[in-house]
Each structure stands twice: as C-alpha cells, then as structure tokens.
Amino acid sequence: MKLGLQLGYWGAQPPTGVAELVAAAEESGFDALFAAEAWGSDAFTPLAWWGRETSRLRLGTSIVQMSGRTPTSIAMHVLTLDHLSGGRVVLGLGVSGPQVVEGWYGAPFAKPLARTREVVDIVRQVLARQGPVTNEGPHHPLPYDRDDATGMGKALKPIVHPLRADVPIWLGAEGPKNVAQTAEIADGWIPLFYTPGSAHLYRDWLDEGFARPGARRSRADFEIAASCHLQVVADAAEKDRVVQAMKPTVALYMGGMGAKEQNFHKQVFVRMGHEALADEVQELYLGGRKDEAAALIPDSLVDDLHIIGEPAEVREKVAAWEETGVTTLLLSLRSADEVRRVADAVL
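Residues numbered from 1 in each chain as written. Predicted model: local features only at pLDDT ≥ 70, side-chain atom pairs only at ≥ 80, totals over all residues. Heavy atoms only, no water.

**Some thoughts on the packing of aromatic side chains**
Across all of its chains, the model carries eight aromatic pairs by this definition. With a centroid separation of 5.5 Å and an interplanar angle of 85°, the aromatic rings of phenylalanine 193 and tyrosine 253 are classed as edge-to-face. Of this pair, phenylalanine 193 sits in the loop between β7 (188-189) and α7 (199-210) while tyrosine 253 sits in helix α8 (residues 236-256), placing them 60 residues apart in sequence. A residue is classified by how much of its surface remains accessible, and phenylalanine 193, at 10% relative accessible area, is buried. Taking relative accessible area as the criterion, tyrosine 253 reaches 22% and is therefore assigned partly exposed. Put simply, the rings of Trp189, Tyr194, Tyr202 and Trp205 touch in pairs and so form one group of aromatic residues. In this structure, arginine 52 packs its charged tip against the face of tryptophan 49, placed 4.5 Å from the ring centre. The cationic tip of arginine 115 hangs over the ring face of phenylalanine 109; the distance from NZ or CZ to the ring centre is 5.5 Å. (Phe/Tyr/Trp six-rings, centres within 6.5 Å; stacked < 30°, edge-to-face > 60°. Helix = DSSP H or I, 4+ residues; strand = E, 2+ residues; numbered from the N terminus. Buried < 20%, exposed > 50% of the residue type's maximum accessible area, 1.4 Å probe, protein only. Lys NZ or Arg CZ within 6 Å of the ring centre and 35° of its normal.)

**Looking at the side chain of aspartate 31**
Along the chain, aspartate 31 falls in the loop between α1 (18-28) and β2 (32-35). Side chain to side chain, aspartate 31 and arginine 58 meet in a polar contact 2.8 Å long. Other than its neighbours up to four places away in sequence, aspartate 31 contacts Lys2, Leu3, Arg56, Leu57 and Arg58. (Polar contact = N/O pair within 3.5 Å; in protein donor to acceptor, adjacent residues only side chain to side chain. Contact = heavy atoms within 4.5 Å.)

**A few points about the pattern of salt bridges**
Scanning all chains against the criterion turns up 25 salt bridges. In this structure, arginine 217 engages aspartate 221 in a salt bridge whose closest nitrogen and oxygen atoms are separated by 3.4 Å. Taking relative accessible area as the criterion, aspartate 221 reaches 36% and is therefore assigned partly exposed. Connected through shared salt-bridge partners, Arg124, Asp166, Asp187, Arg216, Arg217 and Asp221 make up one network. (Salt bridge = Lys/Arg side-chain N within 4 Å of Asp/Glu carboxyl O.)

**Some remarks on the nonpolar core**
Phe30, Leu93, Leu230 and Leu329 are the most contacted members of the largest nonpolar core, which totals 95 residues. If we skip the residues at most four places from it in the chain, leucine 230 touches Ile307, Val314, Val318, Leu329, Leu331, Leu333, Glu338, Val342 and Val346. Core analysis: the second largest hydrophobic core is formed by seven residues, Ala32, Trp170, Ile190 and Leu330 among them. (Core = buried A, V, L, I, M, F, W, Y, C linked by side-chain atoms within 4.5 Å.)

**Describing the packing of α8 against helix α10 (residues 275-286)**
Relative orientation of the contacting elements α8 and α10 amounts to 95°, with a least axis distance of 8 Å. Classed by the angle they form, the pair α8 and α10 counts as roughly perpendicular. Across from Ala251, Leu252, Met254, Gly255 and Gly256 in α8, the residues of α10 making contact are Leu277, Ala278, Val281, Gln282, Tyr285 and Leu286. In the contact of α8 with α10, the residues fall into eight nonpolar, three polar and no charged. (Axes fitted to C-alpha atoms, helices over the stretch in contact; angles between N-to-C directions. Parallel < 35°, antiparallel > 145°, perpendicular 65-115°, else oblique. Nonpolar A, V, L, I, M, F, W, Y, C, P; charged D, E, K, R; others polar.)

**Details of the packing of helix α5 (residues 112-128) against helix α6 (residues 176-185)**
Direction vectors running N to C along α5 and α6 enclose 20°, while the axes themselves pass 11 Å from each other. As far as their axial angle goes, α6 and α5 are roughly parallel. Our pair here, α5 against α6, has a crossing hand that is right-handed. On the side of α5, the interface is formed by Leu113, Thr116, Arg117, Val120 and Arg124, while α6 contributes Lys177, Asn178, Gln181, Glu184 and Ile185. (Left-handed = near helix turned anticlockwise from the far one by under 90°.)

**Quick notes on the pairing of strand β11 (residues 328-331)**
Side chains of β11 alternate between two faces, with Thr328 and Leu330 and Leu329 and Leu331 buried alike. Pairing of strand β1 (residues 2-6) with β11 involves four bridges; the strand directions are parallel. Paired with leucine 3 across the bridge in β11 is leucine 329. Pairing between strand β8 (residues 223-228) and β11: four bridges, direction parallel. Counterpart to alanine 225 in the pairing with β11 is threonine 328. (Pairing = 2+ DSSP bridges.)

Structural data, given as structure tokens:
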C-alpha cells in the first residue's frame, strides 16, 4: 500500500508547519504529496512551493477543478511542473459541482461527462506534442470557431517539449456513469468515501469502463487513491474520542455540501444504504442544527469510512482496503510525528 500526504486546500489563512510535514513524508517513505482547491487557494502552487524541497515524492492534484482553467492552461501547468519536478506530476481532475462552477467560475455545469472527456483528450494532445492541438467541441472548440470568433484562431502545439508525453491522469468521480468513464479514459480514480464496506457498489461500474473499446487500463494497472482519516491510537478510549471528533466532518459531507437539490456527496451515502439517515442529517444541517446532525452519525459509519485504531488494527484495516483494489491512501495528517507514526504502522 502506498501513502499520499494530502495537504488539501487552505482555510482563512495559509497553513503552518507544512514544510515539516512534507519533509517527514519524504523521509518516511510516503509515495506522494497532494494538494486540492475549492474557491481560495489553488492546487498547483503549493506543490511547486513545497515540492521543491523533495526529490522522490510524486506531486498530485486532488483535485483540479476543470472549469477553473481552459484544458490547454491545465496542460501548461502540468507540463511546467513536470519539468521542474523531474517527472513526478500526477494530474487529478474533477468537475466539481454546479454551485462552484456556475457561482464561482461563471461557467455552465451541464454535460459534465462530455466536458471531462474533452478536457482529458486535449491535455493528452498537448503533452503528446504530435501536432497542433485541435478539438471539435462542443465544449472546448480549438481553434475557437463560434459566431463571435475573429476567424484568426490558429491550431498550435506547445512551444516547450514536455518532459513526459503521457502524465498520469486520475479523475475524481462518484456517480455510475462518471466512474465507468473514469475506468475507460483515466489512469486512476480518486473516489470519496470508498471503503471496504462500499467497494462492491463500484465494481460493476469500473468493470464496464475497463471493458469498453480503447480503455487505457485494466484492474491490474489502474490506480485507486482513496481518502480517509488514518490515526494510530493508544487504546479504545482514545479511539472513541477520535471517532466522536470525526462526526461533524461526516455530517458536513452528508448534509452540508452543495445544495439540497443536488449534493453529490450525499448521494454516495444514499447508495451505501443510508438514505433515511442522510435525509435527516441534511435537514438538520441546512437548518443550522449542525451539532444535532453530527450526533446522528453512528460510530460504525465513522469506523467504516476511516482507519482508526491501535497499530495491529490499523494494519488489518489497511490490508482490507488494499484487497478491494486501493493502491494509495490519501491522508490528511497534522504533524511530522503523526506522519512518522503512520509510516511505522503501515509501511
């Protein structure tokens, strides 16, 4: 099992102590360093800034929001960072949701699957550098040829020769069609709330994608990078404290993300068999009763979603995740000591 240090995205202020975290991850045998973005900090700059002090860690985005940049701009970021890092970039991409895409980026959210396919194809064209980059659209026409075009657009290929012609692309996907397409066109998948208890829900969707003509990967070489909270505790009492502390976060994703009419994260819990619970948690959360919403989250659900326990239990649970096809665990850790403790228990 490989481990990735997930830096996430920033809160109101830049985080402190990140350099020590990254150094500990590099020294302790972690495989990768990941950064995310929402509507504040971006995903590429932290990787360039803190990644410069590393020589081995892969540098991944989880995830870059497709609507925040044109496909060729995404490819330029990847091309540049891949050169600077000596070929260590993993491009994690996702469509985000309508609240962010339309509210923050001022772009339409419609047709997310078709948009994803176009973005991935254009990025790969740029990195392959086999000729001028073109795309018939309809979402990202290159050259631009709509009614308001000047007619002077020219198909181009990148000035800089990419270090690698085929950088790994991992997609964030949750629904059945999106997961199947991910297995078809991507090199890996960044799921949310993928656990040994829910893995069976995705098996058929992944197999559908792997079976499509032209699929890039099979189960044998497809990466699954699952996010969870992994914490090594001293005893049952400490585990209980950690489980209780995780409940507000679970309630946030179950009931507080997105809009009531469209919360992709809530739908994951519905597919896991928690529809009645998710409805109640959402009602309380959106009504401002967040503590009551968190109190509804059962201990067993937190225990399924995360890896919390004494060292032997942690190793047993990590092995269970690995058996379902997970190749990397993306972990948000708070200190260099915690990084080393996790590495000692798992690696």
